[in-house]
Amino acid sequence: MNCNHCQSELIKNCEVNVEGGLYGVKIIKKKKGLFNNVSEKTKAAVCPSCGYVAFYIDNYKEFI
Ligand SMILES: [Zn+2]
């Protein structure tokens, strides 16, 4: 995973929290059926060269 701006290697596995609390940001996709939602906690990757931040999730294949 590289920076969109300067192509440096991003530092992955940073936690995403809402300021003032420990709440993370979740990405949720509703599927058909009651208990079929997929949700995944958002992580962030930070560029050590320019400060660019990219959001990503690990289990993106669950969202297909
Ligand atoms: Zn960068």
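Located above this text is the structure these notes cover.
All of the points below concern the structure found in this document. (Residues numbered from 1 in each chain as written. Predicted model: local features only at pLDDT ≥ 70, side-chain atom pairs only at ≥ 80, totals over all residues. Heavy atoms only, no water.)

Side note on the nonpolar core
Rule in force here: Here the nonpolar core consists of buried residues drawn from Ala, Val, Leu, Ile, Met, Phe, Trp, Tyr and Cys, with membership extended through side-chain atoms lying within 4.5 Å. When accessible area is computed with a 1.4 Å probe and restricted to protein chains, residues below 20% of their type maximum are described as buried, those above 50% as exposed, and intermediate ones as partly exposed. Whether two residues are in contact is decided by their heavy atoms, any of which lying within 4.5 Å being enough.
In terms of nonpolar packing, the biggest core is built from six residues, these being C3, L10, A45, C47, A54 and Y56. Filtering out sequence-adjacent residues up to four positions away, C47 remains in contact with C3, C6, S8, L10 and Y52.

A closer look at the coordination of the zinc ion
Where we set the bar: Water is not among the atoms examined, so metal sites may look incomplete; donors are the N, O and S atoms within 2.8 Å of the metal, or within 3.2 Å for Na, K and Ca. Metal sites are grouped by the angles between bound donors: all angles between 85 and 135 degrees with four donors is tetrahedral, opposite donors over 155 degrees apart with the others between 65 and 115 is square planar for four donors and octahedral for six, and any other pattern is irregular. By definition, any uninterrupted DSSP run of H or I lasting at least four residues is a helix, any uninterrupted run of E lasting at least two residues is a strand, and each is numbered from the N terminus.
Listed as protein donors to the zinc ion are C3 (SG), C6 (SG), C47 (SG) and C50 (SG); their distances from the metal cover 2.2 to 2.4 Å. The site at the zinc ion holds four donor atoms, and with the angles between them running 102 to 122 degrees, its shape is tetrahedral. Each donor residue of the zinc ion lies on the same chain, and together they follow the pattern C-x2-C-x40-C-x2-C. Residue C3 is located in the segment before β1 (11-15), and its partner C50 is located in the loop between β4 (43-46) and β5 (53-56); the two are separated by 47 residues in the primary sequence. For C3, a relative accessible area of 1% corresponds to the buried category.

Here's the deal with the sheet that holds β5
This is how it is decided: A pair of strands is treated as paired once DSSP finds two or more bridges between them. Interaxial angle, 0 to 180 degrees, is taken between N-to-C directions of lines fitted to C-alpha atoms, where a helix line uses only the stretch in contact.
Spatially, the three strands line up as an open sheet ordered β1-β4-β5, and their pairing is antiparallel. In this open sheet, the two strands that pair with only one neighbour each are β1 and β5. Shown here is a sheet whose adjacent strand axes are inclined to one another by a mean of 35 degrees, direction ignored.

What is shown is where atoms sit, not what they do.
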